[in-house]
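Examining the three-dimensional arrangement
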Amino acid sequence: MRWLGRLRQIRDVLTIGSCLIAPALFSGPACAQQTPPNILLILGDNIGYGDVGAYGGGELRGAPTPHIDQFAAEGLRLTQFLVEPSCTPSRAALMTGRYSVRSGLSLVAVAGTDISLPAKEITMAEMLHDAGYATAIFGKWHLGGQTYSQPQNQGFDEFYGIPPNDTWDAFGMIRQGRQTQSLDIPIDKGPQIVEARRGEPLKPVKPYTEEVRRGIDWELVDHGIDFMKRETAAGKPFFLYLPISRTHFPNLPSKPFEGVSRIGQFGDSLMECDAIIGKLLDSLKELGLDEDTIVILASDNGPDGPGARAFGGDMPDVGSSGPYRGALGDVSEGAIRTIAMIRWPHRVSPRSSYAMFSIMDFFPTLAHLAGGKVPDDRPVDGVDQSDLLLGKNNTGARDHLLTFVGADLVAVRWKQFRAYFADVAPGRSGAGGATLMGGVGASAAPMNGYPKVFNIESDPQEEHNIGEMYNWVLGPLLGTVEEYKATLAKAPNPPAANMTKF
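Computed from a predicted model, the values in this text were never measured in an experiment.

Now for the overall build of the protein chain. In terms of regular secondary structure, the protein chain is built from 12 helices and 17 strands. Looking at the protein chain residue by residue over its 502 residues, the buried ones come to 57%. Look at the contacts in the protein chain between residues 6 or more apart in sequence, and 70% of them connect residues 24 or more apart. For the protein chain, the exposed area adds up to about 20,200 Å²; of that, 56% sits on carbon and sulfur atoms.

What follows is the structure in structure tokens.
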């Protein structure tokens with residue numbers, strides 16, 4: 001298959017050369033429409049800013065990540081990549097290019113609730129499918145279980161993974177139900193690995209058990225490689241979305257990775273994640289697709305914290321947010337700043353960038369690079385960052401980001417300043433725990449009319465409120481809020497997700 005990729009590369013060079021040398025002869029569609037790049041988007045789960053070597057972790061944490069580090073060295077490493085506070089919100093933002101609150105998904109989807117992606121949303125998969133791409137998702141969807149919300153009905157040609165309204169620890173309900181004598185569910189009636197083709201109903205494949213959890217990522221990799229082979233043979237560009245399990249708790253490594261790190265099962269899982277990335281990158285080379293594929297590796301959230309400590313045995317099953325404060329589910333910097341890197345040989349030059357980049361920005365950026373169309377009938381909060389990727393500027397196209405929990409706008413970033421509009425009390429961690437800015441189980445109290453403001457660069461732990469000293473910052477900070485509010489006049493948000501008010 002390597003020869004096929006080489007032929008494509010020669011063809012593209014000849015086409016580009018013809019356009020440059022003889023623009024008068026080749027100024028039409030042939031020059032405007034290069035072969036669309038394949039897209040491989042690998043979404044890690046709860047990988048913290050300080051976990052992998054390229055961001056200060058890896059070997060220093062007792063869990064080397066050589067494949068990810070090499071990948072980061074070969075592409076654009078984003079050091080100010082920002083997401084939403086938890087799994088469902090970040091994935092909704094990724095798939096729609098919009099703040100999750102606009103689709104009613106600003107809390108985590110939980111089986112048994114009606115939190116689900118609305119049918120009217122246009123996903124990245126729909127956008128790329130309309131642009132001629134074959135599309136597949138293998139892994140975790142987590143955008144709701146309603147039929148209209150399922151990935152095979154939201155733009156994907158193929159789906160294989162855990163139930164679309166569940167996350168990686170769903171298998172625990174069987175054991176927990178029996179342990180508490182509250183439920184006794186037969187294993188074939190509990191969570192199942194499922195699959196579906198475009199427009200088809202979900203089909204159960206096998207029970208999702210602890211043992212399946214241990215090896216699930218390698219199944220996803222096998223499905224992904226098979227998909228890439230088939231679409232390459234068919235001559236069709238592909239969008240492969242691989243939302244893998246590492247490093248979501250419980251970090252149960254597969255047998256070959258038990259004990260490979262020096263920090264328990266979290267480190268083992270992190271090193272297994274690194275091996276998964278290495279396998280996928282090697283497969284691209286073997287298939288001759290290395291030059292023709294945009295590869296993105298990002299995490300949906302910051303690391304898990306106190307909620308997962310018990311899963312680690314004698315060592316906590318907890319990632320690292322590096323220098324920043326907070327963890328998964330919080331609204332602080334350590335919860336929403338995580339890793340992201342983008343590789344596209346000969347187009348994206350290897351370098352590090354401090355440009356602010358939101359998970360929402362992938363939608364319009366990939367639309368630009370792949371010839372897709374960004375919806376113009378609704379607010380789209382992502383911005384096209386293709387000039388940043390292609391080296392046409394170093395500053396990026398974004399300078400602010402809002403953070404929501406449920407219906408509430410709780411924080412905003414503007415440049416290096418972060419403001420809070422609610423006083424969020426500790427949640428799962430309790431007083432003095434690692435999670436000091438909220439998270440699942442937290443509560444929030446109103447303030448007296450003044451936001452708290454922190455300078456993330458000088459104070460990454462957010463210990464010094466400079467709102468009074470730097471009161472001039474409130475103008476541009478609140479200006480970003482007013483811009484967002486203005487969009488609601490024509491496009492009001494649906495009712496926000498809530499599990500405490502009915």
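Turning our eyes to something else, we now look at the sheet that holds strand β14 (residues 417-420). An order of β12-β13-β14-β17 is seen for the four strands of this open sheet, with the pairing classed as antiparallel. The open sheet is flanked by β12 (400-405) and β17 (452-455), the only strands paired with a single partner. Across the sheet, the mean angle from the axis of one strand to that of its neighbour is 20 degrees, orientation sign disregarded. Pairing analysis gives six bridges linking β12 to strand β13 (residues 408-414), with the strands arranged antiparallel. Considered in β13, the bridge of Leu402 is made with Val412. Each of β12, β13, β14 and β17 touches helix α12 (residues 474-487); the most contacted strand, β13, lies at about 125 degrees to it.

Moving on, we get to α12. The terminal C-alpha atoms of α12, which comprises 14 residues, lie 20 Å apart, in line with the 20 Å expected from a rise of 1.5 Å per residue. The set of residues buried in α12 consists of Leu474, Leu477, Thr480, Val481 and Tyr484. Angularly, the buried residues of α12 cover 135 degrees about the axis, an arc narrow enough to put them on a single face. Relative to its buried face, α12 has exposed residues pointing more than 90 degrees away, namely Glu483 and Ala486. Buried residues in α12 make contact with β12, β13, β14 and β17.

Take the pattern of salt bridges next. Applying the stated criterion to the full structure yields 29 salt bridges. Here Arg230 and Glu158 are joined by a salt bridge, their closest N and O atoms 2.9 Å apart. Separated by 72 residues along the polypeptide, Arg230 in helix α7 (residues 210-233) and Glu158 in strand β4 (residues 158-161) bring together distant segments of the chain. According to the relative accessible area criterion, Arg230 is partly exposed, its value standing at 31%. Overall, the relative accessible area of 7% leaves Glu158 in the buried class.

Counting residues in hydrophobic clusters, the biggest one holds 69 residues, and the most contacted among them are Phe81, Leu94, Met95, Met124, Phe239, Tyr241 and Phe362. Of all the elements, helix α10 (residues 362-370) adds the most residues to this core, at six residues. Setting aside anything within four residues of it in sequence, one finds Met95 in contact with Ile122, Thr123, Met124, Trp141, Leu143, Phe156, Phe239, Tyr241 and Phe363. With 50 residues, the next largest nonpolar core counts Ile193, Leu240, Leu242 and Ile263 among its residues.

Across four bridges, strand β5 (residues 192-197) lies against strand β6 (residues 203-207) in antiparallel orientation. Bridge pairing links Val194 to Pro204 in β6. Here β5 hands over to β6 after five residues, with Gly199 in that stretch at a positive phi of 80 degrees.

With that settled, the discussion passes to the packing of aromatic side chains. Under the definition given, this model contains 21 aromatic pairs. Geometrically, the ring pair formed by Tyr49 and Tyr324 is edge-to-face, given 5.4 Å between the ring centres and 85 degrees between the ring planes. With a gap of 275 residues between them, Tyr49 in the loop between β1 (38-44) and α3 (66-74) and Tyr324 in the loop between β8 (293-299) and α9 (333-336) connect regions that are remote in the sequence. For Tyr49, a relative accessible area of 10% puts it in the buried group. For Tyr324, a relative accessible area of 12% translates into the label buried. Judged by centre distance (6.0 Å) and plane angle (40 degrees), the ring pair of Tyr470 and Trp472 falls under tilted. Taken together, Trp141, Phe156, Phe239 and Tyr241 form an aromatic cluster joined through their ring pairs.

Moving on: the side chain of Ser245. Note on placement: Ser245 falls in the loop between β7 (238-243) and α8 (265-286). The class for Ser245 is buried, based on a relative accessible area of 0%. There is a polar contact of 2.8 Å between the side chain of Ser245 and the side chain of Arg213. Polar side-chain contacts of Ser245 include one of 2.5 Å to the side chain of Asp217. With residues near it in sequence (within four places) discarded, Ser245 still touches Asp45, Trp168, Arg213, Ile216 and Asp217.

Attention now moves to the environment of Thr79. With respect to the helices, strands and loops of the structure, Thr79 is situated in strand β2 (residues 76-82). Overall, the relative accessible area of 9% leaves Thr79 in the buried class. As for Thr79 and Ile339, which are separated by 260 residues in sequence, their C-alpha atoms are 7.0 Å apart.

Right, let's get into the packing of α3 against α8. Each pair of packed helices can be summarised by the angle the axes make with each other and by the distance between the axes. It is at 7 Å that the axes of α3 and α8 come closest, and there the two elements cross at 55 degrees. Classified by the interaxial angle, the pair formed by α3 and α8 is oblique. For the pair α3 and α8, the contacting residues are Pro66, His67, Ile68 and Phe71 in the first and Cys273, Asp274, Ala275, Ile277, Gly278 and Leu281 in the second.

Within the secondary structure layout, Asn165 lies in the loop between β4 and α6 (172-179). Sequence-distant contacts of Asn165, defined by excluding residues within four places in its chain, comprise Ala109, Val110, Ala111, His142, Gly144 and Gly145.

Let us now look at α8. End to end, α8 covers 31 Å across 22 residues, agreeing with the expected 32 Å (1.5 Å per residue, within 8%). Burial analysis of α8 places 18 of its 22 residues in the buried class, which makes it a mostly covered element. Just downstream of α8, Gly288 is the residue with a positive phi angle, here 70 degrees.

This brings us to the packing of α7 against α8. One way to put it is that α7 packs onto α8 with a least axis distance of 11 Å and a crossing angle of 10 degrees. Classified by the angle their axes make, α7 and α8 are roughly parallel. The residues of α8 that touch α7, namely those facing Arg214, Asp217, Trp218, Val221, Ile225 and Met228, are Glu272, Ala275, Ile276, Lys279, Leu280, Ser283 and Leu284. Across the contact of α7 with α8, the residue classes break down as eight nonpolar, one polar and four charged.

The rules behind these values
- Residues numbered from 1 in each chain as written.
- Predicted model: local features only at pLDDT ≥ 70, side-chain atom pairs only at ≥ 80, totals over all residues.
- Heavy atoms only, no water.
- Helix = DSSP H or I, 4+ residues; strand = E, 2+ residues; numbered from the N terminus.
- Buried < 20%, exposed > 50% of the residue type's maximum accessible area, 1.4 Å probe, protein only.
- Contact = heavy atoms within 4.5 Å.
- Areas by Shrake-Rupley, 256 points an atom, 1.4 Å probe, with all protein chains shown as cover.
- Pairing = 2+ DSSP bridges.
- Axes fitted to C-alpha atoms, helices over the stretch in contact; angles between N-to-C directions.
- Expected span 1.5 Å × (residues − 1).
- Arc of directions from axis to C-beta.
- Salt bridge = Lys/Arg side-chain N within 4 Å of Asp/Glu carboxyl O.
- Core = buried A, V, L, I, M, F, W, Y, C linked by side-chain atoms within 4.5 Å.
- Phe/Tyr/Trp six-rings, centres within 6.5 Å; stacked < 30°, edge-to-face > 60°.
- Polar contact = N/O pair within 3.5 Å; in protein donor to acceptor, adjacent residues only side chain to side chain.
- Parallel < 35°, antiparallel > 145°, perpendicular 65-115°, else oblique.
- Nonpolar A, V, L, I, M, F, W, Y, C, P; charged D, E, K, R; others polar.

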